[in-house]
Amino acid sequence: MLMFSARARQPIAVVVDPVAKALLRVGLTPNMVTVAGTVATIMVLVLLIPSGHLIWATALTALFAAMDLIDGTMARMRGGGTAFGATLDASCDRLTDGALFGAIAVWLIYTEQARPSAAGACLVVLVLSQVISYIKARAEAGGLTVNGGLIERAERIIIALVGLFLQGVGVPNAVVVALWVLAVGSAVTVVQRLVLASRDPKASAHIAPPKGATDPAGVDGYQA
């Protein structure tokens, strides 16, 4: 789901807060809303994009993105989010990213009969979007701080949806242009995040060997 800045959240809160309170009153949890929003978004993407209904796909995906605001607001109203809730939310983000660019790839290949390079750019974006998120998650698991980058998730989703909408209203090659922008920008972001991780003060700290592995401590010339 999309990430919104604190300034952007304030006007939206007028609508989101009452909805979040109502959902809590009927017994729904933030995690339920996260899963429901993810399922709805994936269904919209995989059904509408390959069939060429790009404007509807864009509009409904943007609408369901509000679920990210609602479940987060519900969690705050209950006293704060949980570690599992954050894990679930991040996992659902990866699923919707995969559904978005997978659906675009299917549309390019089977509906548009686009050039192989266009489908290739889409697959590059699909892979790199996962790598960008993984670098941050893995770095944080090791105690490193990795924030920022040229193309984060909000930018990625917005650029993709703008491309779909423009294509839907008749702008030729809008999706392909958006994909190439994302492919290049995502590659730059991967490098940026790896550089950020390498420059963290804790980057050179040794980590424990995986369970079952031989501890290399004391082996001549070995460095973890």
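Everything quoted here is computed from the prediction, not taken from an experiment.

A. Region of interest: the UniProt feature "transmembrane region" (unreviewed entry) in the chain. Listed under "transmembrane region" (unreviewed entry) in the UniProt record, and renumbered for this structure, are residues 31-49. For residues 31-49, the end-to-end C-alpha separation is 27 Å, with 95% helix and 0% strand making up the annotated structure.

B. Expanded view of the environment of Arg-138. The topology assignment puts Arg-138 in helix H6 (residues 116-141). Sequence separation between Arg-138 and Ala-197 is 59 residues; the distance between their C-alpha atoms is 9.8 Å.

C. Structural context of the confidence of the model for the chain. Averaged over all residues, the pLDDT of the chain equals 88, while 88% of them reach at least 70. Mean pLDDT across the elements of the chain ranges from a minimum in helix H1 (residues 6-25), with 75, to a maximum in helix H8 (residues 174-199), with 97. A low-confidence stretch, residues 1-8 stays under pLDDT 50, and its non-local contacts, those more than four residues away or across chains, total 20 contacts.

D. Just the packing of helix H2 (residues 30-48) against helix H3 (residues 54-64), in detail. Following both chains from N to C, one finds H2 and H3 inclined at 170 degrees, their axes separated by 9 Å at the closest point. Considering their axes alone, H2 and H3 lie roughly antiparallel with respect to each other. Across the interface between the two elements, Ala-40, Thr-41, Val-44, Leu-45 and Leu-48 from H2 touch Trp-56, Ala-57, Leu-60, Thr-61 and Phe-64 from H3.

E. Layout of the pattern of salt bridges. In this structure the tally under the stated criterion is six salt bridges. Notably, a salt bridge pairs Asp-97 with Arg-153, separated by 2.9 Å at the nearest N-O pair. Of this pair, Asp-97 sits in helix H5 (residues 83-111) while Arg-153 sits in helix H7 (residues 153-168); the two residues are 56 residues apart in sequence, bridging distant segments of the chain. Across this residue pair, the class does not change: Asp-97 and Arg-153 are buried. Salt-bridge contacts for Arg-193 lead to Glu-152; the nearest nitrogen and oxygen are separated by 3.1 Å. Here Arg-193 is found in helix H8, whereas its partner Glu-152 is found in the loop between H6 and H7, with 41 residues between them in sequence. The network of salt bridges with shared partners includes Asp-93, Arg-94, Asp-97, Arg-153 and Arg-156.

F. Structural detail: the UniProt feature "active site" (unreviewed entry) in the chain. Within this structure's numbering, the places UniProt gives as "active site" (unreviewed entry) are Asp-93. Relative to the helices and strands, Asp-93 resides in helix H5.

G. Summary view of the nonpolar core. Counting 25 residues, the largest nonpolar core has Ile-49, Leu-100, Phe-101, Ile-104, Leu-164 and Leu-179 as the members making the most contacts within it. Elements that contribute at least two residues to this core include exactly H3, H5, H6, H7 and H8. The leading source of residues in this core is H5, at eight residues. When residues no more than four places from it in sequence are discounted, the contact partners of Leu-179 are Phe-101, Ile-104, Leu-108, Ala-118, Ala-121, Cys-122 and Val-125. Core analysis: the next-biggest nonpolar cluster, separate from the first, contains six residues, Val-16, Ala-20, Leu-69 and Ile-70 among them.

H. Broad picture of the packing of H2 against H5. One can describe the packing of H2 onto H5 by two numbers: an axis separation of 9 Å at closest approach and a directional angle of 5 degrees. Relative to H5, the element H2 is oriented roughly parallel. Here H2 contributes Asn-31, Thr-34, Val-35, Thr-38, Thr-41, Ile-42, Leu-45 and Val-46 to the contact with H5, which in turn contributes Phe-84, Gly-85, Leu-88, Asp-89, Cys-92, Leu-95, Thr-96, Ala-99, Leu-100 and Ala-103. A breakdown of the residues in the contact of H2 with H5 according to their chemical character gives eleven nonpolar, six polar and one charged.

I. Quick look at a nonpolar patch on the surface. Together, Ile-55, Ile-158, Val-162, Phe-165, Leu-166, Val-169 and Val-171 make up a nonpolar patch on the protein surface, roughly 540 Å² of accessible area in all. In terms of residues, the nonpolar patch owes the most to one element, H7, which gives four residues. Mapped onto the elements, Ile-55 comes out in helix H3.

Reading guide: rules and limits
- Residues numbered from 1 in each chain as written.
- Predicted model: local features only at pLDDT ≥ 70, side-chain atom pairs only at ≥ 80, totals over all residues.
- Heavy atoms only, no water.
- UniProt positions renumbered as here; feature names shortened; annotations may be inferred.
- Helix = DSSP H or I, 4+ residues; strand = E, 2+ residues; numbered from the N terminus.
- pLDDT = per-residue confidence, 0-100.
- Contact = heavy atoms within 4.5 Å.
- Axes fitted to C-alpha atoms, helices over the stretch in contact; angles between N-to-C directions.
- Parallel < 35°, antiparallel > 145°, perpendicular 65-115°, else oblique.
- Salt bridge = Lys/Arg side-chain N within 4 Å of Asp/Glu carboxyl O.
- Buried < 20%, exposed > 50% of the residue type's maximum accessible area, 1.4 Å probe, protein only.
- Core = buried A, V, L, I, M, F, W, Y, C linked by side-chain atoms within 4.5 Å.
- Nonpolar A, V, L, I, M, F, W, Y, C, P; charged D, E, K, R; others polar.
- Patch = residues over 30% accessible without salt bridge, like charges linked within 9 Å, V, L, I, M, F, W, Y side chains within 5 Å.
- Areas by Shrake-Rupley, 256 points an atom, 1.4 Å probe, with all protein chains shown as cover.

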